[in-house]
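Listed here are the chains, written in short residue letters.
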Amino acid sequence: MPTTTSGFFLQCASRGTLELVLPTADTPFGVEHHRREEASGPWRHVATFAGGLGPVEAVSLIQSNFGDPGHLEAVARIGDRLAAFWCAPSSEPSWSEPRFFAEGAAGDPALIQGGFGGKGNFELVVPHASGGIAHYHRDNDTAELGWRGPVIFGEGLGRFEAVAMIQRVGGAPHGLHAPGDLEVVARVGDRLVMFWRSPGSGAAWHGPEEVVSGVRGAPALVRSTIGGPGTLELFSPLARVGLARWCRDDGARGARFRGPTVFATDLGRCDAVSVIESWPLGRIELAVRAEGRIVHAARDGAVWSQRAIVGNASPSPADVPSPATLPPPATTTNRPPAATTSRPPAATTNRPPAATPSRPPAATTSRPPSSTSSPPPAPLPTGASPRLRAGPHRAGFRRIGALSLSADACYPDTWPFQGAIYRCPARSAALLYYPASADGEEAPLSSGGPFPVIAIAHERRLATSAATAGSPAGLAQDYRQLAGVMAHLARWGFVVVAPDLSWLTPDDAPLRRAAVLRDALTHLRAGSRGPLLADFARVGLLGHGLGAQAALALALDAACPFDVRALALLAPAGAPERALSIDALAPRPALVVRGTADPIAAAVPAALYDRARAPKHLVTLPGANHFGYTTSLGLAEPLDGRAGLSRREQQAIAMGYLAAFFNGYLRDARGDLDALSGKASLEGLEAREIPVSAEVPDGAAGS
């Protein structure tokens, strides 16, 4: 049966052997052919071909229906030229001389034998040096077996680096056994996009359809029968370390890839992956090129095993199960805390040292990535306690400029308030921060995702409010208020989104603001990058000022499509008698942070904490005012109180407690809750008196 999935790794249909080809790393250059005859046997080098042609950059391997048994066929890229090779799959294979047929190639090619034509044409796609993707095909019904093309597509996206290709199973109107679409997943920068072409001579390529981001290297596609017939599985190296897997029902077009499952992070930076579904066991097997070696991994049921077969690592005599390194496809990893916890001490008072925190909070915008290379930060360790310093990740950010609003978020027409007319925009905006391998806009995603997600509802002000120097004049920039808090949480491994709420009146009921908060989460989840970034089974909410009422309203909404696990209220404002029934939040935890110099949120924080049921936490910051938590906004006195803390110190202390709260309840890192429950002091605050109150389900309370 000819190979309809591209890659450098396959199972020989006639012999059952596993075959793998890869460019040699040193002189003499060429392509190494490795084989594994037995399931429990070793891999061995059986041939080297394409010698004397110079460095081989990449190679793709198939088994065709030429010969009996079918020949092994390969296309290699040498510089910008493509050359074809073939051999019979004998015990000691002898590869042909090269047949060069194209120039202008760049990146990793993808070769298959498709279903077009009587014999089945060879189909090849490869990134083109001038941009876009070049498609060639070899007409196997002609005597000369000539290659035709290229047809260039996707050139509007610029230069691609790698491609993977598969041919789908046909359907109506062609019939189940007729050739289906050719599908190509291609990497441009850190994104994967998909193109497709219908059966038939001269059919046009369609796309691009964005799939995921945060990736690197060469991806792989396979149509598997695991989990039901017709499942399309996508594997790709991640931007920093490890691999990710996505899957999609191979049915009607438009179905989205689900995932990712992140694994193999201990392999370091991976450069390429090739995948097959082997027989007779019907298991998914991978060949991964990482850190100068090839690792063979296999998924048998729910257990993965791995073996280094080529390169610096010595092969082991047998597959070693490694479920901790290569998890099964199921994505549930972190569970919410149980409803009960041990009783904490009544309260604690913390004192920080006289010096300021060793690393200041993030500024309004993240610095661009450094041009000098540096080792990537380590992944977030299990149980790592949040400190006032920055976390192990960097902070990438993205501007969202086309946030769709639901009907219950919008005004029916206009809304008058204090002489002004408020209207809802056609599209709204939002700011997104996420764990990254470098600081800056659109920085590559850090490894270890998807990460817990936190949605922020910012404070609301009037256009007539007197702002302090340096504050943005336009209300439409207010969703950037807590950019420093967002960057800090991103560095501690959270995806954080804050939508614009400035077009809503301050006295409006919180339900509209809650709807916008929900719309931001929906927009993120629906986007092609969202599932890679955020784990929507672990959602937290944070509200500041009037935004706290919006966060609380969404958490209490029984129809909310998101599983809100934790709620943090930062200086919650509004009329205490109008506060929502926070007691209905239990058994989900709540954190209330208040300042003693805050005239805007004077009575509401204590009232909300008193009404809440365990588990609940209250942190009182001596000298903190209302707008000191914001990075880029302050209201002039007497609208806000005179702070007894510097702005930087107020932000840093709040960031530390917020990171501890969300890490404790969204990751089940219970040790991080000690600073919120009176068992320990937050690092850096041992000498500062900061009253911390807590109540847990067994009825203990502190004050």
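Note that this is a predicted model, so its numbers are computed, not measured.

Considerations on the overall build of the chain
On a plain count of helices and strands, the chain comes out with 7 helices and 38 strands. For the chain, the residues scored as buried account for 58% of the 703 residues in total. Summed over its atoms, the accessible surface of the chain is roughly 26500 Å², and 53% of this surface lies on carbon and sulfur atoms.

A short note on empty space enclosed by the protein
Under the criterion given, the structure shown has 4 cavities of 30 Å³ or more. A volume near 150 Å³ is recorded for the largest cavity. If you trace the largest cavity, you find 18 residues lining it, with Gly-7, Phe-8, Asp-108, Pro-109 and Ala-218 closest to the centre. Where the lining of the largest cavity is concerned, the elements lending two or more residues are strand 2 (18–23), strand 5 (56–63) and strand 13 (162–169). The leading source of residues in the lining of the largest cavity is strand 5, at 3 residues. Considering only residue class, the lining of the largest cavity consists of 13 nonpolar, 3 polar and 2 charged.

Observations regarding the nonpolar core
By size, the foremost hydrophobic cluster in this structure holds 67 residues, and its most contacted members are Val-495, Leu-521 and Leu-541. Broken down by element, this core gets its largest block of residues, 7 residues, from helix 4 (residues 547–556). In contact with Val-495, other than residues within four places in its own chain, are Leu-432, Tyr-433, Tyr-434, Pro-435, Phe-451, Pro-452, Val-453, Ile-454, Leu-524, Leu-533 and Ala-534. Membership of the second largest hydrophobic core comes to 51 residues, among which are Ala-490, Ala-566, Leu-591 and Leu-666.

Remarks on the pairing of strand 33 (residues 495–499)
Both faces of the sheet carry side chains from a regular strand, because those side chains alternate between them. Across the 5 residues that make up strand 33, a large majority, 5, are buried. Going residue by residue along strand 33, you find Val-495, Val-497 and Pro-499 tucked away on one face and Val-496 and Ala-498 tucked away on the opposite face as well. Pairing analysis gives 4 bridges linking strand 30 (residues 428–436) to strand 33, with the strands arranged antiparallel. Note on strand 33: the bridge partner recorded for Leu-432 is Val-497.

Remarks on the pattern of salt bridges
One pass over the structure, following the stated rule, counts 19 salt bridges. A salt bridge links Arg-245 to Glu-233, with the nearest nitrogen and oxygen atoms 2.8 Å apart. With Arg-245 in strand 19 (residues 243–249) and Glu-233 in strand 18 (residues 231–237), the pair connects residues that are 12 residues apart, well separated along the chain. In this structure Arg-245 comes out as buried when scored by relative accessible area, which is 9%. Among the salt bridges present, the one from Arg-398 reaches Glu-442, with a minimum N-O distance of 3.2 Å.

Brief notes about the sheet that holds strand 19
With antiparallel pairing, the 4 strands of this open sheet are ordered in space as 17-18-19-20. The strands lining the two open edges of the sheet, one partner per strand, are strand 17 (220–224) and strand 20 (258–263). The sheet shows a mean angle of 20° between the axes of neighbouring strands, taken without regard to direction. Where strand 17 meets strand 18, 5 bridges bridge the pair, whose relative direction is antiparallel. The residue of strand 18 that forms the bridge with Leu-221 is Leu-234.

Some thoughts on the packing of helix 2 (residues 510–526) against helix 4
Where helix 2 meets helix 4, the closest approach of the two axes is 8 Å, and the angle between their N-to-C directions is 70°. Judged on the interaxial angle alone, helix 4 and helix 2 are roughly perpendicular. Packed against helix 2, whose contacting residues are Pro-510, Leu-511, Arg-513, Ala-514, Leu-517, Arg-518 and Leu-521, the element helix 4 presents Gln-549, Ala-550, Ala-551, Ala-553 and Leu-554 at the interface. Tallied by class, residues from the contact of helix 2 with helix 4 come to 9 nonpolar, 1 polar and 2 charged.

A word on unusual backbone geometry
Gly-207 connects to Pro-208 through a cis peptide bond whose omega is 10°. Locating Pro-208 in the fold gives a position in strand 16 (residues 205–213). In this chain, Trp-279 is followed by Pro-280 through a cis amide linkage whose omega measures 5°. Structurally, the position occupied by Pro-280 is in the loop between strand 21 (270–278) and strand 22 (283–290). Although it is not a glycine, Asp-668 adopts a positive phi angle of roughly 60°.

Brief notes about helix 5 (residues 604–611)
Those residues of helix 5 that sit buried are Val-604, Pro-605, Ala-607, Leu-608 and Tyr-609. On its buried side, helix 5 packs onto helix 4, strand 35 (564–570), strand 36 (590–595), strand 37 (616–621) and strand 38 (692–695).

Focus: the side chain of Arg-248
Looking at the secondary structure, you find Arg-248 in strand 19. Looking at Arg-248, its side chain comes within polar contact range of the side chain of Glu-183, at 3.4 Å.

Some thoughts on the sheet that holds strand 2
On the basis of which strands lie adjacent, the open sheet formed by 4 strands has the order 1-2-3-4 and antiparallel pairing. Two strands bound the open sheet, and with one partner strand each, they are strand 1 (9–11) and strand 4 (44–49). Strand-to-strand twist in this sheet, taken as the mean axis angle between neighbours without regard to direction, amounts to 20°. As defined by bridge partners, strand 3 (residues 31–36) adjoins strand 4 across 5 bridges and the pair is classed as antiparallel. Looking across to strand 4, one finds that Val-31 is bridged to Phe-49.

Comments concerning helix 6 (residues 647–666)
For helix 6, built from 20 residues, the straight-helix expectation of 28 Å at 1.5 Å per residue is met to within 8% by its first-to-last C-alpha distance of 28 Å. Buried residues dominate helix 6, accounting for 17 of its 20 residues. Just beyond helix 6, the residue with positive phi is Asp-668, at close to 60°.

A word on the packing of helix 1 (residues 483–491) against helix 6
Between two packed helices, the angle of one axis relative to the other and the distance separating the axes together describe the packing. It is the contact of helix 1 with helix 6, at a shortest axis distance of 10 Å, that shows an interaxial angle of 45°. The angle between helix 1 and helix 6 falls in the class oblique. Along this stretch, helix 1 crosses helix 6, giving a crossing that reads as right-handed. Here Gly-484, Val-485, His-488 and Leu-489 of helix 1 lie close against helix 6, whose contacting residues are Met-655, Gly-656, Leu-658, Ala-659 and Phe-662. Looking at the contact of helix 1 with helix 6 residue by residue, the class counts come to 6 nonpolar, 3 polar and no charged.

Here's the deal with the environment of Phe-662
Relative to the helices and strands, Phe-662 resides in helix 6. In contact with Phe-662, other than residues within four places in its own chain, are Ile-454, Leu-489, Phe-494, Gly-540, Leu-541, Leu-542, Ala-566, Ala-568 and Arg-667.

A short note on the packing of aromatic side chains
Tallying each qualifying case throughout the model produces 16 aromatic pairs. A ring pair is formed by Phe-160 and Phe-195, whose centres lie 6.1 Å apart and whose planes are at 70°; its orientation type is edge-to-face. Highlighted residues: Phe-160 in the loop between strand 12 (147–153) and strand 13 and Phe-195 in strand 15 (residues 191–197), separated in sequence by 35 residues. Each member of the pair Phe-160 and Phe-195 is classed as buried. Clustering of aromatic rings is evident, with ring pairs tying together Phe-66, Phe-101, Phe-122, Tyr-136 and Trp-147. Directly above the aromatic system of Phe-100 lies the positively charged group of Arg-81, at a separation of 3.9 Å from the ring centroid. Taking the ring centre of Phe-66 as reference, the NZ or CZ of Lys-119 above it sits at 4.9 Å.

Notes on the pairing of strand 14 (residues 179–188)
With respect to burial, strand 14 is a largely interior element, 9 of its 10 residues being buried. In the sheet, strand 14 pairs with strand 15 via 7 bridges, with the strands oriented antiparallel. Paired with Glu-183 across the strands is Trp-196, a residue of strand 15.

Quick notes on the rules
- Residues numbered from 1 in each chain as written.
- Predicted model: local features only at pLDDT ≥ 70, side-chain atom pairs only at ≥ 80, totals over all residues.
- Heavy atoms only, no water.
- Helix = DSSP H or I, 4+ residues; strand = E, 2+ residues; numbered from the N terminus.
- Buried < 20%, exposed > 50% of the residue type's maximum accessible area, 1.4 Å probe, protein only.
- Areas by Shrake-Rupley, 256 points an atom, 1.4 Å probe, with all protein chains shown as cover.
- 1 Å grid on protein atoms, 1.4 Å probe; cavity = no way out; pocket = protein on both sides within 12 Å on 5 of 7 lines; lining within 4 Å.
- Points joined across faces, edges and corners; volume = space filled by probe spheres on them.
- Nonpolar A, V, L, I, M, F, W, Y, C, P; charged D, E, K, R; others polar.
- Core = buried A, V, L, I, M, F, W, Y, C linked by side-chain atoms within 4.5 Å.
- Contact = heavy atoms within 4.5 Å.
- Pairing = 2+ DSSP bridges.
- Salt bridge = Lys/Arg side-chain N within 4 Å of Asp/Glu carboxyl O.
- Axes fitted to C-alpha atoms, helices over the stretch in contact; angles between N-to-C directions.
- Parallel < 35°, antiparallel > 145°, perpendicular 65-115°, else oblique.
- Polar contact = N/O pair within 3.5 Å; in protein donor to acceptor, adjacent residues only side chain to side chain.
- Expected span 1.5 Å × (residues − 1).
- Left-handed = near helix turned anticlockwise from the far one by under 90°.
- Phe/Tyr/Trp six-rings, centres within 6.5 Å; stacked < 30°, edge-to-face > 60°.
- Lys NZ or Arg CZ within 6 Å of the ring centre and 35° of its normal.

Keep in mind that these numbers describe shape and distance, not what the molecule does.
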